[in-house]
Amino acid sequence: MGVASLVLGILVSVAIYIAFFKIHLDQKGIFAFIAAAMMIAFVCEALVFNYVVFDNAGKGLTKSSYEIEYANNQPKANSENVNVNKSNDLTTVEINDINKKVGNVEIKLPSNVANAEVNVSYKDEVFSDFKKTSSDEVVVQKDVARSEIIRLHVVGKVQALKLEIKSKDTMDGGIIEHEGGQNIENGVMLINLNAHVPFQINTARVLVMILLAFCALCIYEYRDYKFRGKKSQKVRRTAIIVLLAMQIIFLSFISQSQMEDGESRIFDRLDTEVSSGLDQYHQLTLALAHGQLHLDNILPGDKNVDEPQLAALKELDKQGKTYSPNDRDNYVKQKGTNYRWDEAYYNGHYYTYYGPVPVVLVFLPVYLITGCLLTTRFVTLLLAVAISALMARLVYNIAKRREGLNMWTVIGCMAMAMSTVFVTSCFMGAKIYELSPMSGLALVLGGINCFYRALTEKNSKPYLWIVGAICMALSVGCKPTFAFASLIVGISIIYYLFKNSKKDTEESNAVTAFFQKVFSKENIKYIAYVAIPYVVIGVLLMAYNYGRFGSPFDFGVKYQLTLFNTHYYSLADLSKLPVAIYNGLLDMPSTMSTFPFLSMQNASPQYNGYMFTMAGVGMLAYPVMWLLFAMPYATKQKMLLTSNKQKGQVIDKVTMISCLLVGLLSCYASTAMGGTSFRYALDYGWAFTISLVFVVFAIAQWANTNNVSKYANKVIIALILVTIIINILLTIGTGFNETVNRHPDVYYNMYHSIMFWK
């Protein structure tokens, strides 16, 4: 009956979908779409996702129940056929003389136990010794009904069952306390064989299905709409709003699911007396508010903590061993003190080597106004939303200049850009390590958006040049590697100025003539728009660095107090190039048969020397990125622009090529100077994504002019959908590594919503 329910649900859903378009309505308004989507979602929920409810029907299975009572740490069964042994947090239950078919085992944990790991073994007509049903433990989570029922896929009659139940967390007043391996001393545990699977309506799953069905109906209804034009304007705007709303909901969900119980969502209270309990950006906020650049002695209790540490580090300075990890660890231990982890030390003071711009723009103004410190997690979420919106806006700016693009191809590219920019990687930690590159990335995308419009629109507005230059210059103050991003706009600006010049020159030297045209009278104002923000911000950053380390170009990375001495790190270390290529571009995710199906590779790169490594994936793990191999053709393709000027053609192609080159350069620089990590992809993933958008649009326009757009768009959309799914699964598979411990109820609710067939 279960299979029949599953098939029937799929057929009915498809029938509703077809009928919706067969019925000739005068106008299919939004409510008609919503009604059809709701019908499909509820049919799927009732017949597809609940098919296990009907699975035992007609099999003649009989229910039997057993009770295990714990009293003073001693378990006792209510049946002679049940043997119970207990050792600390592990309870072993053997049920003998069953002699019947068993479809499932239901375990009702004692009221004070939140969850437990269960191993199920069985004896049947074939195996006379106990055989495990799975190599992995099954987690039973209280209040997640489907997790309490373990389906057994065994053939024939079961003679005996052995359940190894290891309790994990306890419950106190409905709140899960994560202590690990809890001893069950009192309470009652129920074990039911062939239990009735309750019919369940998962509200979150229904809402997701309504949204997916609604999107599918809209995509088919408006499949022939072009992106540009009044006909698609209303649908286009609605689709973009829905897309951004879905992204914000997803980012908020994964952000909050990583939070520890009691962790503040927006503000951190200053309830600590020592600054070592705050992250570096919080410390810098307080330091700047006190009018100092170093991070020591900014809170009342710092003096007693910082002075012994700094005294020990000063002694090490005299020996030249401050930045040698082993010498440093041993020496401060001998002195009975410690040192601040992952901060920079120079000339008797603590500093942060992370760029100050996020503090100056966000943390410090809020602190001065409210007296509160924004949580790093909250600012990270805001930046993730901003990056998503700016990426979508950039795709919009590129698409609106082109003729013949299918609307859903453009919307799909927006969704793809949000996925491949690696913004979800930040929620693994949502700390200063992620916040620094994210703030730089948000500014870079803001700058590229401004300059792209300034260089391609007919009437170039001064504020686009000024704001663009401010954003690009400030990004370097977040993370120095974002200086590479200025190459993208710099080349385009020089070409624009050359073409914009009206100066006639008789100079025979081509180079001299070129620069005479670039710096001609007509271009002085544009040069000023760009140069002044770069110079002002550059001078301020150099003054900040000089005030700390005595050098305008030293951000303090080589003075950091971490696991290793970074003085030897160099961009000239070409031996790391193969590591960058493999980990940054080629590394594929590992797969598994259960939700979330994908996870990042944990393999450490083979390198002769220390290299910081964390799990990650390469850019080509996203299938849509394979289209980058079509770039040689895209550079030759004549783009069908609304204003078909040579200047616009060249700027687009220059941007496409320079983004790819900057992506490759940033990938290598990130590996050579820092190592490999999922979050490091924030430094370069965006550049590959921007380049890819141009390639996809070139392919789509070629297909449109050759009357094969119907097939090309389907291939593009398919690659985009697979890419988005991979990104979501990787985010959950990686980002939820802490959710399993912090919010197991959230994780296992989602697990059983997806793995509805288990």
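Residues numbered from 1 in each chain as written. Predicted model: local features only at pLDDT ≥ 70, side-chain atom pairs only at ≥ 80, totals over all residues. Heavy atoms only, no water.

*Asks:* What is the right way to look at the packing of aromatic side chains in this model?
*Replies:* Tallying each qualifying case throughout the model produces 37 aromatic pairs. Judged by centre distance (4.9 Å) and plane angle (45 degrees), the rings of Y346 and Y559 are tilted. Of this pair, Y346 sits in strand β14 (residues 344-346) while Y559 sits in the loop between α16 (524-549) and α17 (577-586), and the two are 213 residues apart along the sequence. With a relative accessible area of 24%, Y346 lands in the partly exposed category. For Y559, a relative accessible area of 11% corresponds to the buried category. Taking the centre distance of 6.0 Å and the plane angle of 85 degrees together, the rings of Y496 and Y526 count as edge-to-face. Highlighted residues: Y496 in helix α14 (residues 485-500) and Y526 in helix α16, separated in sequence by 30 residues. Exposure class is identical for Y496 and Y526. Each is buried. A connected cluster of aromatic rings, assembled from ring pairs, spans Y17, F20, F21, F33, F214, Y220, Y222 and Y225. (Phe/Tyr/Trp six-rings, centres within 6.5 Å; stacked < 30°, edge-to-face > 60°. Helix = DSSP H or I, 4+ residues; strand = E, 2+ residues; numbered from the N terminus. Buried < 20%, exposed > 50% of the residue type's maximum accessible area, 1.4 Å probe, protein only.)

*Asks:* Even after reading the chapter, I still don't get the sheet that holds strand β5 (residues 104-108), so can you show me in this structure?
*Replies:* Within a sheet, neighbouring strands are paired by backbone hydrogen bonds and run either parallel or antiparallel to one another. Taking strand neighbours across the sheet as the criterion, the 5 strands line up as β2-β1-β12-β5-β9 in an open arrangement whose pairing is antiparallel. Whereas interior strands pair on both sides, the edge strands pair on one side only; in this sheet they are β2 (74-77) and β9 (149-151). The average angle at which neighbouring strand axes cross in this sheet is 20 degrees, direction not considered. Bridge count between strand β1 (residues 64-71) and strand β12 (residues 187-193): 7 bridges; the pairing is antiparallel. Among the inter-strand pairings, Y66 is bridged to a residue of β12, identified as I191. (Pairing = 2+ DSSP bridges. Axes fitted to C-alpha atoms, helices over the stretch in contact; angles between N-to-C directions.)

*Asks:* Please clarify how the confidence of the model for the protein chain should be interpreted in this entry.
*Replies:* For any part of a model where pLDDT is low, the fine detail of the predicted coordinates should not be relied upon. Residues of the protein chain with pLDDT of at least 70 account for 93%, and the chain-wide mean is 86. Per-element confidence in the protein chain is highest for helix α13 (residues 462-476), whose mean pLDDT is 96, and lowest for strand β11 (residues 175-177), whose mean pLDDT is 63. (pLDDT = per-residue confidence, 0-100.)

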